[in-house]
Amino acid sequence: MSRLHSIQAPIAQIADHFGIPLTRALEALEVPGEITEGLTGLVVIEKNGQRLLKALDWGFPRQTRERRLAGDPPERLGLVANLTSPMWDTMVVDPRYRCLIVLTHFANPDGEAGAMTRTWFSVTDQPIMAWAGFCRNTPEFGPVYAGMTMAANDVIPPTNDRMPVLIEPHEYDRWLHGSIKDVIWFQHRPPFAGDRMTVERTDDLWRSGVGPPGSAPQLALL
């Protein structure tokens, strides 16, 4: 599963999609077009029955014994694959730590090592997507989020064998409020069908920083 996603939509459209009132403070929120671990993305949380849009950094702190002995800071981990891992098992059961990660595209590296390019994936009938996520305030990095992954559909390989757990709009409440059984169900149900997805292969090098095709006109509107 790639560690790159993008948001190519204005704040007003994002707020409308998730049912969030558009305020002046929200209008001033920057929409990040390139999100890798350690950079800031947008997530939707719920507090006191109201959905809120927040800017958080992507990636929980993970400190290994080797890094500690070397005096290195924790590394970033932005993907949740094994729910039984000690890093996640006590958090994933609690709905307080659930969020919806906002994205319009995610990308995987494609091609030969040393010359990999960006291949972008989006959902054709759902321009703004929600990725099942978890968020928490951490001593090391402050408020952060991570996204749950699942087995990929038929259009993601050979770039990867996993993909984000994408959620339908009518399922948002179930994700935000559901039990651990719901979390497990989301991870192990069939992924979004490949024929619902748009696949855009590019010649842009993986580390180029170039956004999805057609993103420039959208960014100009911001």
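Residues numbered from 1 in each chain as written. Predicted model: local features only at pLDDT ≥ 70, side-chain atom pairs only at ≥ 80, totals over all residues. Heavy atoms only, no water.

- An unreviewed UniProt entry lists the chain under the name SOS response-associated peptidase YedK, from Sphingomonas vulcanisoli.

Brief notes about the side chain of R118
Next up, step 1: Relative to the elements of secondary structure, R118 occurs in strand β9 (residues 117-123).
Next up, step 2: One polar contact links the side chain of R118 to the main-chain carbonyl oxygen of V210, over a distance of 2.6 Å. (Helix = DSSP H or I, 4+ residues; strand = E, 2+ residues; numbered from the N terminus. Polar contact = N/O pair within 3.5 Å; in protein donor to acceptor, adjacent residues only side chain to side chain.)

Examining the packing of aromatic side chains
The description of an aromatic ring pair uses the distance of the two centres, along with the angle that the planes make with each other.
Next up, step 1: For the structure on display, the rule yields 8 aromatic pairs.
Next up, step 2: With a centroid separation of 5.2 Å and 80° between ring planes, the pair formed by F60 and W88 is classed as edge-to-face. Of this pair, F60 sits in strand β4 (residues 60-62) while W88 is found in the loop between β6 (79-80) and β7 (98-103), placing the two residues 28 residues apart along the sequence. For the residue pair F60 and W88, the accessibility class agrees, reading buried in each case.
Next up, step 3: A connected cluster of aromatic rings, assembled from ring pairs, spans F134, W175, W185 and F186.
Next up, step 4: Directly above the ring of F141 sits R76, whose terminal nitrogen or CZ lies 3.7 Å from the centroid.
Next up, step 5: The ring of W185 has R174 lying over it, and the distance from NZ or CZ to the ring centre is 4.1 Å. (Phe/Tyr/Trp six-rings, centres within 6.5 Å; stacked < 30°, edge-to-face > 60°. Buried < 20%, exposed > 50% of the residue type's maximum accessible area, 1.4 Å probe, protein only. Lys NZ or Arg CZ within 6 Å of the ring centre and 35° of its normal.)

A look at the pairing of β9
Next up, step 1: By the criterion of burial, β9 is predominantly enclosed, with 7 of the 7 residues buried.
Next up, step 2: Residues T117, T119, F121 and V123 point to one face of β9 and R118, W120 and S122 to the other, with burial holding for every one of them.
Next up, step 3: As judged from the 5 bridges shared by strand β8 (residues 105-110) and β9, these two strands associate in the antiparallel manner. Looking at the pairing, A107 lines up with W120 of β9.
Next up, step 4: The hairpin turn running from β8 into β9, its antiparallel successor, is 6 residues long, and G111 in that turn takes a positive phi close to 105°.
Next up, step 5: Across 6 bridges, the pairing between β9 and strand β14 (residues 197-205) is antiparallel. Bridged to T119 within β14 is R201. (Pairing = 2+ DSSP bridges.)

With respect to the sheet that holds strand β1 (residues 5-6)
Next up, step 1: Strand order in this open sheet of 4 strands is β1-β8-β9-β14, and the pairing throughout is antiparallel. With one partner strand each, in any of the chains shown, β1 and β14 form the two edges of the open sheet.

A few points about the layout of surface pockets
Next up, step 1: Taken as a whole, the largest pocket encloses approximately 330 Å³ of empty space.
Next up, step 2: Lining the largest pocket are 17 residues, with I45, E46, R96, R98 and C135 positioned closest to its centre.
Next up, step 3: Every element with two or more residues in the lining of the largest pocket is listed here: β2 (40-47), β3 (50-58), β10 (129-138) and α4 (172-177).
Next up, step 4: Grouping the amino acids of the lining of the largest pocket by side-chain chemistry returns 7 nonpolar, 4 polar and 6 charged. (1 Å grid on protein atoms, 1.4 Å probe; cavity = no way out; pocket = protein on both sides within 12 Å on 5 of 7 lines; lining within 4 Å. Points joined across faces, edges and corners; volume = space filled by probe spheres on them. Nonpolar A, V, L, I, M, F, W, Y, C, P; charged D, E, K, R; others polar.)

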